[in-house]
Amino acid sequence: MTDVAAVKAALKTQTVETPSWAYGNSGTRFKVFAQQGVPRDPWEKLDDAAQVHAVTGVTPTVALHIPWDKVDDYSALAKHAADRGVKLGTVNSNTFQDDDYKLGSICHPEAAVRRKAVGHLLECVDIMDATGSRDLKLWFADGTNYPGQDDIRGRQDRLAEGLAEVYARLGDDQRLLLEYKLFEPAFYTTDVPDWGTAYAHCLKLGPKAQVVVDTGHHAPGTNIEFIVATLLREGKLGAFDFNSRFYADDDLMAGAADPFQLFRIMYEVIRGGGFTPDVAFMLDQCHNIEAKIPAVIRSVMNVQEATAKALLVDRDALTAAQRTGDVLEANAVLMDAYNTDVRPLLREVREELGIDQDPIAAYRRSGWAEKIVAERVGGEQAGWGA
Ligand code: PSV
Ligand code: MN
């Protein structure tokens, strides 16, 4: 039997960080379909993120992407956020949109380019000092397209050297989160292609270096929950970038493509003691064709539903079935939890948190969508990359 009161209490503690770039325009390499009312700067992205927090009650922080969210005064940006009931969260670096980075950034064969990349990462830590952010998220587009293009081992050495410099700059309460991705934009080798490579670098760096699991960054069929279990056992799981994929790094709404996978991941998080603030739950998504703010709200709700189901797993019954080798019963215990309709439970949780039971309906009623379409005219809309 699971204790429903304990499940509800746990759900009330869960927070999900939303990414500033989810609120801006985005698209594929074929077309960006601009939407009306999209933010024109980081300040307006925070305004939208605050609306998501107002109706979900569980998204108090917003991830920044530098330089997309560069401003002159970060304390003013932090105050703007605080005035709207949210805070600035993880700082994401960007060493993939400059001409100098054609052959890589921190792994580039030329020292001058590596210097520039590391300089940017150090600047991101300066920004974290100003915003009070805990985490620096590093994803490198570095890699090669052709066999022989560069020295695979040499690139790892350069990576280790650059990361060590950034690690040394971190404050006592700051962390470096290293994200891996199987491929893209590089196609032959990627310098941090998998959890093992990220883990090896983080292990060498020390306790403030942790691995990020972006759910869209694996080969088809990869058992992500196994990776989660392993990283948690080793004390090296720092965060998630949640999103959904059908094929590659699709960045669709979390829990949309494979809610069962999200449930299995959340079960391993809970089972492995990762349901704590030490593991950050973040979204990393782009809403290319759907309305952005409701899509973020829907994604947050999907994460909550997967979490609620994972919390409902009857752990005692599962352990008993596993110990006696009762394969069918063990599977049934897990599926019972997964097949539970947790929406009524989450409605109760929201009511107890003092917010509307239906965040999407609350957002629709708020009039925010109409307001931003009417008010945000002129200026340049923010987009993926701006
Ligand atoms: C890379 O594909 C990634 O997942 C990284 O997290 C980036 O920070 C994010 O997308 C946005 O570029
Ligand atoms: Mn990511």
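Residues numbered from 1 in each chain as written. Chains lettered and ligands numbered in written order. Predicted model: local features only at pLDDT ≥ 70, side-chain atom pairs only at ≥ 80, totals over all residues. Heavy atoms only, no water.

1. A few points about the side chain of Thr-190
1) Next: In this fold, Thr-190 is placed in strand β7 (residues 189–190).
2) Next: Among the polar contacts made by the side chain of Thr-190, one reaches the main-chain carbonyl oxygen of Leu-182 at a distance of 3.4 Å.
3) Next: With residues up to four places along the chain from it excluded, the contact list for Thr-190 reads Asp-142, Gly-143, Lys-181, Leu-182, Phe-183 and Glu-184. (Helix = DSSP H or I, 4+ residues; strand = E, 2+ residues; numbered from the N terminus. Polar contact = N/O pair within 3.5 Å; in protein donor to acceptor, adjacent residues only side chain to side chain. Contact = heavy atoms within 4.5 Å.)

2. Things to note about the site of ligand 1
1) Next: Around ligand 1, 15 residues are found, and the nearest of them are Glu-179, Lys-181, Asp-214, Asp-249 and Asp-284.
2) Next: Here Lys-181 contributes a side-chain N or O atom positioned 3.0 Å from an oxygen atom of ligand 1.
3) Next: At 2.9 Å, a side-chain N or O of Asp-249 approaches an oxygen atom of ligand 1.
4) Next: Out of a free accessible area of 310 Å², ligand 1 has 96% covered by protein chains.
5) Next: A breakdown of the residues in the shell around ligand 1 according to their chemical character gives five nonpolar, three polar and seven charged. (Near = heavy atom within 4 Å. Areas by Shrake-Rupley, 256 points an atom, 1.4 Å probe, with all protein chains shown as cover. Nonpolar A, V, L, I, M, F, W, Y, C, P; charged D, E, K, R; others polar.)

3. Let's talk about the coordination of the manganese ion (ligand 2)
1) Next: Of the protein atoms, only Glu-179 (OE), Asp-214 (OD), Asp-241 (OD) and Asp-284 (OD) coordinate the manganese ion (ligand 2), at distances of 2.1 to 2.2 Å.
2) Next: In this structure, the manganese ion (ligand 2) is coordinated by six donor atoms arranged in octahedral fashion, with angles at the metal of 71 to 163°.
3) Next: On the accessibility criterion, Asp-284 (10% relative accessible area) is buried. (Donors = N, O, S within 2.8 Å, 3.2 Å for Na, K, Ca; no water. Tetrahedral: all angles 85-135°; square planar, octahedral: opposite > 155°, others 65-115°. Buried < 20%, exposed > 50% of the residue type's maximum accessible area, 1.4 Å probe, protein only.)

4. Here's the deal with the packing of helix α9 (residues 292–311) against helix α12 (residues 343–353)
1) Next: Where α9 contacts α12, the axes come no closer than 10 Å and their chain directions differ by 110°. Regarding the angle of α9 to α12, the classification is roughly perpendicular. The chirality of how α9 crosses α12 is right-handed. On α12, the residues that touch Met-301, Gln-304, Glu-305 and Ala-308 of α9 are Arg-343, Leu-345, Leu-346 and Arg-350.
2) Next: Of the residues assigned to the contact of α9 with α12, the class counts are four nonpolar, one polar and three charged. (Axes fitted to C-alpha atoms, helices over the stretch in contact; angles between N-to-C directions. Parallel < 35°, antiparallel > 145°, perpendicular 65-115°, else oblique. Left-handed = near helix turned anticlockwise from the far one by under 90°.)

5. Side note on a nonpolar patch on the surface
1) Next: Side chains of Leu-182, Phe-183 and Phe-187 sit close together on the surface and give an oily, nonpolar patch of about 280 Å² of accessible area.
2) Next: By the element assignment, Phe-183 lies in the loop between β6 (175–179) and β7.
3) Next: We classify Phe-183 as partly exposed; its relative accessible area is 32%. (Patch = residues over 30% accessible without salt bridge, like charges linked within 9 Å, V, L, I, M, F, W, Y side chains within 5 Å. Salt bridge = Lys/Arg side-chain N within 4 Å of Asp/Glu carboxyl O.)

6. Points about unusual backbone geometry
1) Next: With an omega of 20°, the peptide bond running from Ile-66 to Pro-67 counts as cis.
2) Next: Within the element layout of this structure, Pro-67 appears in the loop between β2 (61–65) and α3 (74–83).
3) Next: The linkage connecting Glu-184 with the following residue, Pro-185, adopts the cis geometry, with an omega of 10°.
4) Next: A positive phi is found at Glu-184, a non-glycine position, where the angle reads about 80°.
5) Next: For Glu-184, a relative accessible area of 35% translates into the label partly exposed.
6) Next: The phi torsion at Asp-251 lies on the positive side, around 55°, for a residue other than glycine.

These figures come from the coordinates and say nothing about function on their own.
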